[in-house]
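# What the coordinates show
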Amino acid sequence: MQTPPNFLDSNALPGALPGLTRRSVDLVVIHCSATPNGKVVRQGLPGELGALNCAQVINAWHAARGFSRRYSARSFNPQLPSIGYHFVVDLDGTVLTGRHVDEVPAQAAGFNATAIGVCLIGGAEREGRYTDAQWTSLRELVQWLLDEYGLPAAAPQRISDSTADLGYRMVGGVCGHRDLSPDKDGDGLIEPGEWIKTCPGFEVQLWLDAGMTPMPEHFIEGGL
């Protein structure tokens, strides 16, 4: 794996991790933390005893839900033994790593085996709004992932598969968590009434079609 973009934090991704093999990845799923748009997610202040950054807070949430990483992978980010995502994008645009990219995530039941999970801080409201710095980092991160895994900057294909948990697979692209929902009426569209979740609060396909440029209504300035 090539050197990741320089916007990643100090937890640079290793080319390989002992005990893990290179995964086949064909899906990038964008999530949100389901916290108020623009609100800082942390415990305490940096440098204080017991302070937690946004990835560490999410790790605590996931631990409470019973998530647990493989012991063989915990040499990478050992302080995050439970986090389900591979990347977390904070309000200031910092991208924090969670699970190693060769670890199976815990982020979208039925679609984890070949997926990468990316979480934006915010998005509790039905219409997710994120900072300019978050949108910039999301674009660079997703483009890097697409280049690394040879994926198109497009919505994935939905393929019927009786062996899959939900009877279908999503292959070859980028989508939001809500886009994985079942197409209950079979019209080929995943409409709001069919969403299992509203996450990440914006139409990922429209974002991709616009060259990874968000609509104005999905911007928020700063944090609360």
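To be clear, the structure that these remarks concern was listed above.
Summarised in this report is the structure supplied together with it. (Residues numbered from 1 in each chain as written. Predicted model: local features only at pLDDT ≥ 70, side-chain atom pairs only at ≥ 80, totals over all residues. Heavy atoms only, no water.)

## Examining the pattern of salt bridges
- Taken as a whole, this structure holds three salt bridges when the rule is applied.
- Where glutamate 103 meets arginine 69, a salt bridge forms, and the shortest distance between an N and an O atom there is 2.7 Å. Taken together, the residues span a long stretch of sequence, with glutamate 103 in the loop between β3 (95–97) and β4 (115–120) and arginine 69 in the loop between α1 (54–64) and β2 (87–89) at a distance of 34 residues.
- Here arginine 178 ties to glutamate 203 by a salt bridge, and the two come within 3.3 Å at their closest N and O atoms. Remark: glutamate 203 occurs in the loop between β7 (173–176) and α3 (204–209) and arginine 178 occurs in the loop between β7 and α3; sequence separation between them is 25 residues.
- By relative accessible area, which is 35% here, glutamate 203 ends up partly exposed. (Salt bridge = Lys/Arg side-chain N within 4 Å of Asp/Glu carboxyl O. Helix = DSSP H or I, 4+ residues; strand = E, 2+ residues; numbered from the N terminus. Buried < 20%, exposed > 50% of the residue type's maximum accessible area, 1.4 Å probe, protein only.)

## Re the sheet that holds β3
- If you trace the five strands from one edge of the open sheet to the other, you get β3-β2-β4-β1-β7, paired in mixed fashion. The open sheet has two edge strands with one neighbour each: β3 and β7. Neighbouring strand axes in the sheet, compared pairwise and without regard to direction, differ in orientation by 25° on average.
- As paired strands, β2 and β3 are joined by three bridges and run antiparallel to one another. Across the sheet, residue valine 88 finds its bridge partner in β3, namely leucine 96.
- Those strands touched by α1 are β2, β3 and β4, and its axis lies near 125° from that of β2. (Pairing = 2+ DSSP bridges. Axes fitted to C-alpha atoms, helices over the stretch in contact; angles between N-to-C directions. Contact = heavy atoms within 4.5 Å.)

## Regarding the environment of isoleucine 116
- With respect to the element layout, isoleucine 116 can be found in strand β4.
- A sequence separation of 29 residues divides isoleucine 116 from leucine 145, and the C-alpha atoms of the two residues are 8.6 Å apart.

## Things to note about α1
- Those residues of α1 that fall on the buried side of the exposure criterion are Cys54, Ala55, Val57, Ile58, Asn59 and His62.
- Buried residues along α1 sit against β2, β3 and β4.
- In this structure asparagine 53 caps α1, since a side-chain oxygen of it lies 3.1 Å from the backbone nitrogen of alanine 55.
- Trailing α1 by a residue or two, glycine 66 shows a phi angle of about 90°, which is positive. (Polar contact = N/O pair within 3.5 Å; in protein donor to acceptor, adjacent residues only side chain to side chain.)

## Quick notes on unusual backbone geometry
- Between cysteine 199 and the following residue, proline 200, the backbone shows a cis peptide bond with an omega angle of 15°.
- Note that proline 200 resides in the loop between β7 and α3.
- Phi at methionine 212 is positive, roughly 60°, even though this residue is not glycine.
- Given a relative accessible area of 4%, methionine 212 falls into the buried group.

## Some thoughts on the packing of aromatic side chains
- Counted by the stated rule, this structure contains eight aromatic pairs.
- A centroid spacing of 6.3 Å and a plane angle of 75° characterise the contact between tyrosine 130 and phenylalanine 202, whose relative ring orientation is edge-to-face. You can see tyrosine 130 sitting in the loop between β4 and α2 (132–149) and its partner phenylalanine 202 sitting in the loop between β7 and α3, a full 72 residues away along the chain.
- Accessibility expressed as a relative area gives 0% for tyrosine 130, which makes it buried.
- Here tryptophan 135 and tryptophan 207 contribute two aromatic rings whose centre-to-centre distance is 6.4 Å and whose plane-to-plane angle is 40°, an arrangement assigned as tilted. Pair noted here: tryptophan 135 is in helix α2 and tryptophan 207 is in helix α3, with a separation of 72 residues, a long-range link.
- Relative accessible area serves as the criterion here: at 2%, tryptophan 135 is assigned to the buried category.
- The rings of Tyr130, Trp135, Phe202, Trp207 and Phe219 are connected pair by pair, giving a single aromatic cluster.
- Arginine 74 extends its terminal NZ or CZ atom over the ring of tyrosine 71, reaching a point 4.2 Å from the ring centre.
- Of note, arginine 158 hangs over the ring of tyrosine 168, and the distance from its end group to the ring centre comes to 4.4 Å. (Phe/Tyr/Trp six-rings, centres within 6.5 Å; stacked < 30°, edge-to-face > 60°. Lys NZ or Arg CZ within 6 Å of the ring centre and 35° of its normal.)

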